[in-house]
Structures are given as C-alpha cells and as structure tokens.
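An overview of the molecular structure
Spelled out, the chains give:
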Amino acid sequence: MLKLFGNTSSVPSSLNNPFATDKVERIFISMSKSLFSDKFLFNGSVEFTNGRTKGEQKFEGTDIMDVVKQIYSFLEQLK
C-alpha cells in the first residue's frame, strides 16, 4: 500500500492551520427551497486559506439569522 505514495520524503513536515480569523477567505450564506417539500433550507459556510492549506466549516439552521448567529459564534471562538 505505501508504494502507491512513492517518495514520501517531499511530504510537508508541518501543515498550516487555516482555522484563524485572519485566514477567512469567504463567508457564504444561502437559502433554497427544498426539492421535496415547500420548506426552505438555510445553510452557510466559512472558507479559510493559509498558504496551500484550505479548510471549510459548514452550518445549517432554521432560518437565515440562525445561520448568521452560528457563524458569528464560531468566528468569535477562533484565535
């Protein structure tokens, strides 16, 4: 199995943690109508980039303000 990876001496020794407030690249909030009912779906995401390392945190809520509050609370907890 390890032969599939080839030469691993060039693998980065440390990864850049992207989850920091100064690494936020995009905040996305959306509302869409469900395909299976007349209900609306609310979700969002926060995307981060730190060098060549990327990360994303996703959110689901009961309405747009619920998603906004979740994202705000999440960002407050970051360094």
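Our structure is the block above this text.
I will try to describe carefully the structure that is included in this document. (Residues numbered from 1 in each chain as written. Predicted model: local features only at pLDDT ≥ 70, side-chain atom pairs only at ≥ 80, totals over all residues. Heavy atoms only, no water.)

Spatial ordering of the open sheet is given by E1-E2-E3, a layout of 3 strands whose pairing is antiparallel. Each edge of the sheet is formed by a strand with only one pairing partner; in this case those strands are strand E1 (24-33) and strand E3 (53-61). On average, each strand axis in the sheet is tilted by 15 degrees relative to the strand beside it, whichever way the strands run. By the bridge criterion, 9 bridges tie strand E2 (residues 40-50) to E3 in an arrangement that is antiparallel. Residue Glu47 lies in a different strand from E3, and its bridge partner there is Glu56. Each of E1, E2 and E3 is contacted by helix H1 (residues 64-77), which is oriented at about 140 degrees to E3, the strand it contacts most. (Pairing = 2+ DSSP bridges. Helix = DSSP H or I, 4+ residues; strand = E, 2+ residues; numbered from the N terminus. Axes fitted to C-alpha atoms, helices over the stretch in contact; angles between N-to-C directions. Contact = heavy atoms within 4.5 Å.)

What follows is about H1. Taking 1.5 Å per residue as the helical rise, H1 with its 14 residues ought to reach 20 Å, and the 20 Å between its terminal C-alpha atoms agrees with that figure. Those residues of H1 that are buried are in contact with E1, E2 and E3. Between the side-chain oxygen of the N-cap and the backbone nitrogen of Met65 there are 3.2 Å, and the N-cap of H1 in question is Asp63. (Expected span 1.5 Å × (residues − 1). Polar contact = N/O pair within 3.5 Å; in protein donor to acceptor, adjacent residues only side chain to side chain.)

With that settled, the discussion passes to the environment of Asp63. Position of Asp63 among the secondary structure elements: in the loop between E3 and H1. Residues Asp63 and Met31 lie 32 residues apart in sequence; the distance between their C-alpha atoms is 8.3 Å.

Of the strand pairs in this sheet, E1 and E2 are connected by 9 bridges, and their pairing is antiparallel. Along E2, the bridge assignment pairs Ser32 with Leu41. Linking two consecutive strands that pair antiparallel, namely E1 and E2, is a turn of 6 residues. The loop that links E2 with its antiparallel partner E3 comprises 2 residues; one of these, Gly51, has a positive phi angle of about 65 degrees.

On to a nonpolar patch on the surface. Together, Ile27, Ile29, Met31, Phe40, Ile64, Met65 and Val68 line one region of the surface with nonpolar side chains, adding up to about 590 Å² of accessible area. Only E1 and H1 provide two or more residues apiece to the nonpolar patch. (Patch = residues over 30% accessible without salt bridge, like charges linked within 9 Å, V, L, I, M, F, W, Y side chains within 5 Å. Areas by Shrake-Rupley, 256 points an atom, 1.4 Å probe, with all protein chains shown as cover. Salt bridge = Lys/Arg side-chain N within 4 Å of Asp/Glu carboxyl O.)

Enumeration according to the criterion identifies 2 salt bridges in this entry. With a closest N to O distance of 3.3 Å, Glu47 and Arg26 form a salt bridge. Taken together, the residues span a long stretch of sequence, with Glu47 in strand E2 and Arg26 in strand E1 at a distance of 21 residues. Judged by relative accessible area, which is 25%, Glu47 ranks as partly exposed. The salt bridge partner of Lys33 is Asp38, with a shortest N-O separation of 3.9 Å. (Buried < 20%, exposed > 50% of the residue type's maximum accessible area, 1.4 Å probe, protein only.)

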